[in-house]
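Close look at the chain arrangement
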Amino acid sequence: MADFVANGIDISEFNGDVNIAALKGKVDFIIIRCGYGGDYESQDDSQYWANVRKCQEAGIPFGVYLYSYARNMEMAMSEARHTLRLIHGLRPLYGV
């Protein structure tokens, strides 16, 4: 099997307003935090949609994750709904 190394970064609201266009050619992909915890808009990452749009505009493939706090099935189901709400209509090449 051939070796393949891809370089990526993880971004969220904690990184502020990331200049994703400047990363073109420097990273192969970006993993974007969509939120954390249960399915509440207050727990959406405030930079999520901006980061998705900027990746799309720059042509940089991305993946998405939700930071989990689930301690039981009910919480896990709410977190799954949260993620599905935020990826609706998207096809992140680097998955969820």
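Residues numbered from 1 in each chain as written. Predicted model: local features only at pLDDT ≥ 70, side-chain atom pairs only at ≥ 80, totals over all residues. Heavy atoms only, no water.

Description of the nonpolar core
Of all hydrophobic cores here, the largest spans 19 residues; its most connected members are Ile 20, Ile 30, Ile 32, Tyr 48 and Ile 60. Residue assignment for this core shows that the elements contributing at least two residues are strand E2 (29-36), helix H1 (48-58), strand E3 (62-67) and helix H2 (73-87). The element best represented in this core is H1, accounting for 4 residues. Those residues in contact with Ile 60 that lie beyond four places of it in its chain are Ile 20, Leu 23, Lys 24, Val 27, Asp 28, Phe 29, Ile 30 and Cys 55. (Core = buried A, V, L, I, M, F, W, Y, C linked by side-chain atoms within 4.5 Å. Buried < 20%, exposed > 50% of the residue type's maximum accessible area, 1.4 Å probe, protein only. Helix = DSSP H or I, 4+ residues; strand = E, 2+ residues; numbered from the N terminus. Contact = heavy atoms within 4.5 Å.)

Details of H1
Along H1, the residues classified as buried are Tyr 48, Asn 51, Val 52, Lys 54, Cys 55 and Ala 58. An end-on view of H1 places all buried positions within 165 degrees of arc, on one side of the element. For H1, the elements touching its buried residues are strand E1 (8-11), E2, E3 and H2. (Arc of directions from axis to C-beta.)

A few points about the pairing of E2
The buried fraction of E2 amounts to 6 of the 8 residues, a majority that puts the element mostly inside the structure. As judged from the 4 bridges shared by E1 and E2, these two strands associate in the parallel manner. The residue bridging Ile 9 from the neighbouring strand is Ile 30, located in E2. Pairing of E2 with E3 involves 6 bridges; the strand directions are parallel. Residue pairing for E3: Arg 33 is matched across the bridge by Tyr 65. Running through H1, the crossover from E2 to the neighbouring parallel element E3 is right-handed. (Pairing = 2+ DSSP bridges. Right-handed = clockwise from strand over helix to strand, strands pointing away.)

Quick notes on H2
The end-to-end C-alpha distance of H2 is 21 Å, a good match for the 21 Å that 15 residues give at a rise of 1.5 Å each. By the burial criterion, the buried members of H2 are Ser 78, Glu 79, His 82, Thr 83, Leu 86 and Ile 87. Buried residues of H2 fall within an arc of 165 degrees about the axis and therefore sit on the same side. Exposed and oriented more than 90 degrees from the buried face of H2 are Met 73, Glu 74 and Leu 84. Against E2, H1 and E3 lie the buried residues of H2. Capping the start of H2 is the job of one residue whose side-chain oxygen sits 3.1 Å from the backbone nitrogen of Glu 74: Asn 72. Among the residues trailing H2, Gly 89 stands out with phi positive, at a value near 85 degrees. (Expected span 1.5 Å × (residues − 1). Polar contact = N/O pair within 3.5 Å; in protein donor to acceptor, adjacent residues only side chain to side chain.)

Looking at the pattern of salt bridges
Counted under the stated rule, the structure contains 6 salt bridges. A salt bridge links Asp 44 to Arg 85; its shortest N-O distance comes to 2.8 Å. Of this pair, Asp 44 sits in the loop between E2 and H1 while Arg 85 sits in helix H2, and the two are 41 residues apart along the sequence. With a shortest N-O distance of 3.4 Å, Glu 57 and Arg 53 are connected by a salt bridge. Residue Glu 57 and its partner Arg 53 are located together in helix H1, separated by 4 residues, close to a single helical turn. Arg 53 gets classed as partly exposed once you look at its relative accessible area, which sits at 40%. Connected via shared salt-bridge partners are Glu 13, Arg 33 and Asp 45. (Salt bridge = Lys/Arg side-chain N within 4 Å of Asp/Glu carboxyl O.)

Shape is all these values report; function is a separate question.
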